[in-house]
Amino acid sequence: MKSKLQEIASFAYDCVLEVKNKSFEKDYLSHARKLPSMIVHNGLLTTCAFIRSKKNDEAWKKIEEHIKRYMKEIENKEVDSLVKFFSGLDLKEYRLYTRKVLHFAQWLKRVAEGELKDEEQGK
C-alpha cells in the first residue's frame with residue numbers, strides 16, 4: 001500500500017513522462033516551475049482562470065489536463081471546468097483544495113526539473 005505522498009509523487013512522475021520529448025517539453029518545464037508560486041501569489045482560482053485563458057498553448061493545456069486528472073484520480077472528483085469547480089466551493093473546501101493542488105504542483109515542478117530537458121542548463 002502506498003502512502004498519499006508516494007501516490008502523488010508517482011502520479012506527477014507519470015504526468016511529466018507524458019510530455020518528455022514532445023515539442024512543448026521546454027515550455028511545460030517553464031510553466032511547471034511557475035505553477036506553485038502562481039497558486040501561492042494569485043490564488044488557485046485565479047491561476048486556473050489564467051491557465052484556461054492560455055488554451056492555445058500546448059504546455060498550459062497539458063498542465064490543465066494534469067490538474068483535472070489529479071482531481072479525478074487522486075481526489076476522486078470529476079471536474080469538467082476547474083474554474084467552475086473551485087468557484088463553487090465554500091471557503092474551507094477551497095483552502096483545502098488549494099493546499100492539495102499546490103502540493104501536486106510542487107511535485108510536478110520537482111519531477112519536471114529532474115526529467116525534462118532545459119536548454120539553458122544543457123540537460
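To be clear, the structure that these remarks concern was listed above.
Worth saying up front: this structure is predicted, and the values here are computed from it rather than measured.

Further remarks concern helix 6 (residues 91-115). Along its 25 residues, helix 6 runs 36 Å from first to last C-alpha, staying within 8% of the 36 Å computed at 1.5 Å per residue. By the burial criterion, the buried members of helix 6 are Tyr 94, Tyr 97, Thr 98, Val 101, Leu 102, Phe 104, Ala 105, Trp 107, Leu 108, Val 111 and Ala 112. Structurally, helix 6 contributes buried residues whose contacts are with helix 1 (4-19), helix 2 (25-42), helix 3 (44-53), helix 4 (58-73) and helix 5 (82-87). Among the residues of helix 6, the N-terminal cap falls to Asp 90, whose side-chain oxygen and the backbone nitrogen of Lys 92 are separated by 3.2 Å.

One can find Phe 85 in helix 5. In the structure, Phe 85 is positioned 40 residues away from Leu 45 in sequence and 9.2 Å away in space, judged by C-alpha atoms. The contact partners of Phe 85, leaving out residues within four places of it in the chain, are Met 71, Lys 77, Val 79 and Tyr 97.

Opposite charge on two side chains permits pairing when their charged atoms draw close. Per the stated rule, a full pass over the model turns up eleven salt bridges. Two residues, Glu 18 and Lys 62, come together in a salt bridge whose shortest N-O distance is 3.5 Å. Here Lys 62 lies in helix 4 and Glu 18 lies in helix 1, a separation of 44 residues in the sequence. A salt bridge links Glu 115 to Lys 20, with the shortest nitrogen-to-oxygen separation between them at 3.2 Å. Of the two residues, Glu 115 sits in helix 6 while Lys 20 sits in the loop between helix 1 and helix 2, which places them 95 residues apart along the sequence. Under the relative-accessibility criterion, Lys 20 is labelled partly exposed at 32%. When salt bridges that share partners are traced, they join Glu 18, Lys 62, Glu 65, Arg 69 and Glu 73 into one network.

For the pair helix 2 and helix 3, the least separation of the axes is 7 Å and the interaxial angle reads 130°. Our classification of the angle between helix 2 and helix 3 gives oblique. Residue-level contacts link Leu 35, Met 38, Ile 39 and Asn 42 of helix 2 to Leu 44, Thr 46, Thr 47, Phe 50 and Ile 51 of helix 3.

So, on to the packing of aromatic side chains. What the rule picks out here adds up to seven aromatic pairs. On the basis of an interplanar angle of 90° and a centroid distance of 5.5 Å, the ring pair of Phe 50 and Trp 60 is categorised as edge-to-face. With Phe 50 in helix 3 and Trp 60 in helix 4, the pair connects residues that are ten residues apart, well separated along the chain. Overall, Trp 60 belongs to the buried group, its relative accessible area being 3%. Ring geometry for Tyr 70 versus Phe 104: centroids 4.7 Å apart, planes at 15°, classification stacked.

Basis of the calculations
- Residues numbered from 1 in each chain as written.
- Predicted model: local features only at pLDDT ≥ 70, side-chain atom pairs only at ≥ 80, totals over all residues.
- Heavy atoms only, no water.
- Helix = DSSP H or I, 4+ residues; strand = E, 2+ residues; numbered from the N terminus.
- Expected span 1.5 Å × (residues − 1).
- Buried < 20%, exposed > 50% of the residue type's maximum accessible area, 1.4 Å probe, protein only.
- Contact = heavy atoms within 4.5 Å.
- Polar contact = N/O pair within 3.5 Å; in protein donor to acceptor, adjacent residues only side chain to side chain.
- Salt bridge = Lys/Arg side-chain N within 4 Å of Asp/Glu carboxyl O.
- Axes fitted to C-alpha atoms, helices over the stretch in contact; angles between N-to-C directions.
- Parallel < 35°, antiparallel > 145°, perpendicular 65-115°, else oblique.
- Phe/Tyr/Trp six-rings, centres within 6.5 Å; stacked < 30°, edge-to-face > 60°.

Limitation: the analysis is restricted to geometry and does not speak to function.
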